[in-house]
Amino acid sequence: MDFTTILQRQRIFFQSGATRSVEFRLAQLKRLAAALEQHEAALLMALQSDLGKSPAQGYATEVGLVQMEIRHALRHLRRWSAPQHLSTPWFTAPSRSWTQPEPFGVTLIIGPWNYPLQLLLTPLVSAIAAGNCVVLKPSELAPHTAGVVEKLLRECFVEEYVFVAMGGADVSESILQERFDKIFFTGSTRVGRLVIAAAAKQLTPVTLELGGKCPAIVCADASLELAARRIAWGKFMNAGQTCVAPDFVVVADEVLDAFVAAMKQALREFYGDDPAQSPDYGRIINRAHFDRLISYLSDGKVAHGSQHNVKDYFIAPTILTDVDAASAVMQEEIFGPILPVLRFHQLDEALDILRTLPTPLALYLFTRNQETERHVLEVARSGGACVNDVVSHTIGSGLPFGGLGESGMGSYHGRAGFGAFSHHRTVLRRATWLDLPFRYPPQKLPLNRLKHAVRYLLGD
Ligand code: NAD
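The notes below deal with the structure included here. Given the structure is predicted, the values throughout are model-derived calculations rather than measurements. (Residues numbered from 1 in each chain as written. Predicted model: local features only at pLDDT ≥ 70, side-chain atom pairs only at ≥ 80, totals over all residues. Heavy atoms only, no water.)

**Points about the overall build of the chain**
Short version of the rule: Strands are runs of DSSP state E lasting at least two residues, helices are runs of H or I lasting at least four, and both sets are numbered from the N terminus onward. For the exposure calls, accessible area comes from a 1.4 Å probe over protein chains only, and a residue counts as buried if that area is under 20% of its type's maximum, exposed if over 50%, partly exposed in between. Throughout, a contact is declared for two residues whenever any of their heavy atoms are within 4.5 Å. Every accessible area reported is derived by Shrake-Rupley at a probe size of 1.4 Å, with residue values counting cover from the shown protein chains alone. Positive charges come from Lys and Arg alone, negative charges from Asp and Glu alone, with His and the N- and C-terminal ends not counted. Here the site of a charge means atom NZ of a Lys, CZ of an Arg, CG of an Asp or CD of a Glu.
The secondary structure content of the chain amounts to 16 helices and 20 strands. Projecting the C-alpha coordinates of the chain onto the three principal axes gives extents of approximately 85 × 55 × 35 Å. Across the 460 residues of the chain, 54% fall into the buried class. For the chain, the proportion of contacts with a sequence separation of at least 24, taken over those separated by at least 6, is 71%. Taken as a whole, the chain presents about 20900 Å² of accessible surface, with 55% of it coming from carbon and sulfur. The centroid of the 45 positive side-chain charges in the chain is displaced by 12 Å from the centroid of its 45 negative side-chain charges.

The structure is reproduced here in structure tokens:
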């Protein structure tokens, strides 16, 4: 595969101006929506093969979300693309100024395996909406989905506009040797560091959507059953392989037992007595991750679950209590269906645990007390947050989604995604009929009078 040639062809296509008109972008988004509809059955089957996602899960968390993102972009693209007029400093009068979103040019999107369709194509929607050419690198660990995505995009677009590079880390590494105008990466913090280092060589701007340990705090005044149901939903969806899943929970001491009981009840309601038989419960992606997750089971006392089966990489929804904060399950991103439940006596103890960990992608707080809410949101950093819910802040196109610190930089979805793939160019157009002489050398005013004049002119 000669990436240099592909990129040269993409650059020529971009420079031809073909991607710039809003009409072109809208047409490509409609084409993508139609292709998704046409290949929906194959995509849902591929997601089931890669991750054991039921068709309902595959639609709700992957295909449907991309379709929603397209519909949102189709509705708002003209407004996003329009120049934003700004006030012009009066000493430049007569003039007008504005910012104009410009496509970056040739862009790269690298995706992970856990939501292998959604996390590749949602940024693609933004890149197309903003008028870019795109190279996509799907994850090799979800090969069925990657195969259908490649076929779909090949049928949909010419490769000088959208090109899919298939392969693993080696392919990613060689693509990253090329010069892109923007890189959008979703994956682990470890690889994120490699991506930004490669981008730095070419001064390429990056958006990094990375991982981390998202904490949930459950206070004594929380609605416990609701907290348990919502945490169980967010944690065990996709068998815990969700970047914004609550990684662990810290619960107020006096309600810990009741919370664990409510979690068990919720899990029985969701997945029955034998989750291995539930069509709504997923599987672990591969043997390496399966083995890594099994090793965590000894890091605490199993309060629920822990049954597993290497044949189909099944691990039951598992709750661990009596977990040591220094153990591997509390030091590494779990990214699987194991939920450590820790206790706190004073809220500050919970916040202290958070302080020892890298900045998470999301923070979840369950309380009915607004003062507690204000305090926690003030002192605990995170990419995003939910109060009395989990994961929901990432769904839909209206809210920007992104990390902070070790969990990433930049954000996307809807307008934020359009912004992530656009350069906002400032333009000032000045009239030609007036040209006051003061700014030109030689300078005639003494420094003191010049200072007064500048202050007056700048309104200082
Ligand atoms: P990963 O970093 O291993 O791989 C992501 C992509 O990078 C894949 O396409 C892979 O082929 C490529 N890659 C792997 N090694 C590379 C290298 N040395 N150089 C260049 N590219 C390389 O991540 P993953 O295992 O696919 O996904 C799981 C991680 O992603 C978790 O940490 C999770 O939290 C995170 N994640 C974050 C988000 C988010 O939106 N912030 C979403 C999903 C997953």
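Once you've had a look at it, read on.
**So, the site of the ligand**
Cut-off, in case you're wondering: Neighbouring residues are identified by heavy atoms, a residue being near a molecule or strand if any of them is within 4 Å of it. Between N or O atoms, a polar contact is any pair within 3.5 Å; within protein, one atom must be a potential hydrogen donor and the other a potential acceptor, and residues adjacent in sequence are included only when both atoms are from side chains.
Neighbouring the ligand are 29 residues; Gly111, Glu140, Ser188, Leu210 and Glu333 lie closest to it. A distance of 2.7 Å separates an oxygen atom of the ligand from a polar side-chain atom of Lys137. Compared with its free state, where it exposes 840 Å², the ligand has 93% of that area covered by protein. Counting only elements with at least two residues in the shell around the ligand, the list comes to α7 (169-175), β6 (182-186) and α8 (189-202).

**Observations regarding the packing of helix α2 (residues 22-38) against helix α5 (residues 118-129)**
What counts here: In this analysis, axes come from line fits to C-alpha atoms, helices being fitted only over the stretch in contact, and the angle between any two N-to-C directions falls in the range 0 to 180 degrees. Here is the rule for angles: anything less than 35 degrees is roughly parallel, anything more than 145 is roughly antiparallel, 65 through 115 is roughly perpendicular, and the remaining ranges are oblique.
Closest axis-to-axis distance for the α2/α5 pair is 9 Å, and the angle between their directions is 155 degrees. In terms of orientation, α2 and α5 fall into the roughly antiparallel class. Across from Arg25, Gln28, Leu29, Leu32 and Leu36 in α2, the residues of α5 making contact are Leu121, Leu124, Val125, Ile128 and Ala129.

**Here we look at the packing of aromatic side chains**
We apply this condition: Any pair of Phe, Tyr and Trp rings, taking the six-membered ring for Trp, is counted once the centres come within 6.5 Å. Such a pair is stacked with planes under 30 degrees apart, edge-to-face with planes over 60 apart, and tilted for the rest.
The final tally for this structure, using the stated rule, is 12 aromatic pairs. Where Phe184 meets Phe421, the ring centres are 5.6 Å apart and the plane angle is 20 degrees; that geometry is what we call stacked. With Phe184 in strand β6 and Phe421 in the loop between α15 (414-420) and β20 (422-430), this residue pair connects regions lying 237 residues apart in the sequence. On the basis of relative accessible area, Phe184 is assigned to the buried category, the value being 0%.

**What to know about a nonpolar patch on the surface**
What counts is decided by this rule: Patch membership requires more than 30% relative accessible area and the absence of a salt bridge. Residues of like charge join within 9 Å; the nonpolar side chains Val, Leu, Ile, Met, Phe, Trp and Tyr join within 5 Å. Definition used for salt bridges: Asp or Glu carboxyl oxygen within 4 Å of a side-chain nitrogen of Lys or Arg.
A contiguous nonpolar patch, built from Trp90, Phe91, Val454, Tyr456, Leu457 and Leu458 and spanning about 640 Å² of accessible area, is present on the exposed surface. As for its position among the elements, Val454 is in helix α16 (residues 447-458).

**So, the sheet that holds strand β13 (residues 318-321)**
Under the convention used in this document: In short, DSSP must find at least two bridges between two strands for them to pair.
If you walk across this open sheet you meet the 7 strands as β10-β13-β14-β9-β8-β15-β16, and the pairing is mixed. Single-partner strands in this sheet number two, and they are β10 (301-304) and β16 (384-387). Sheet twist, expressed as the mean angle between neighbouring strand axes with direction ignored, is 25 degrees. Against the sheet, helix α13 (residues 347-355) contacts β8 (214-218), β9 (246-252), β14 (338-344) and β15 (362-366), and its axis sits at roughly 175 degrees relative to β8.

**Side note on unusual backbone geometry**
In most cases, non-glycine residues show a negative phi, while peptide bonds are predominantly trans. In this structure, the amide linkage connecting Ala93 to the following residue, Pro94, adopts the cis form with an omega of -5 degrees. Checked against the element boundaries, Pro94 lands in the loop between β1 (84-86) and β2 (95-103). With an omega of 0 degrees, the peptide bond between Pro441 and Pro442 qualifies as cis. Residue position: Pro442 is located in the loop between β20 and α16. One non-glycine residue, Phe335, adopts positive backbone phi at about 55 degrees. Positionally, Phe335 belongs in the loop between α12 (328-331) and β14. Look at Val391: it is not a glycine, yet its phi comes out positive at around 65 degrees.

**A look at the nonpolar core**
Inclusion rule: We define the nonpolar core as a collection of buried residues of types Ala, Val, Leu, Ile, Met, Phe, Trp, Tyr and Cys that are connected through side-chain atoms lying within 4.5 Å of one another. Segmentation of the chain into domains, including their bounds, is taken from an automatic or database domain assignment.
Core analysis: the biggest nonpolar cluster contains 143 residues, and Leu153 and Phe259 have the highest contact counts within it. Per-domain counts for this core show at least three residues from each of domain 1 (3-210 + 408-423) and domain 2 (215-401). Once residues lying within four places of it in the same chain are set aside, the contact partners of Leu153 are Leu32, Leu121, Leu124, Leu136, Val162 and Val164.

**Section: the sheet that holds β2**
Ordered by their spatial adjacency, 3 strands build an open sheet running β1-β2-β20, and the pairing between neighbours is antiparallel. Each edge of the open sheet is held by one strand with a lone partner, namely β1 and β20. Looking at each pair of strands side by side, their axes are set apart by 30 degrees on average, direction ignored. Examined bridge by bridge, β2 and β20 share 9 bridges and lie antiparallel to one another. Its bridge partner lying in β20, Pro101 is registered against His424.

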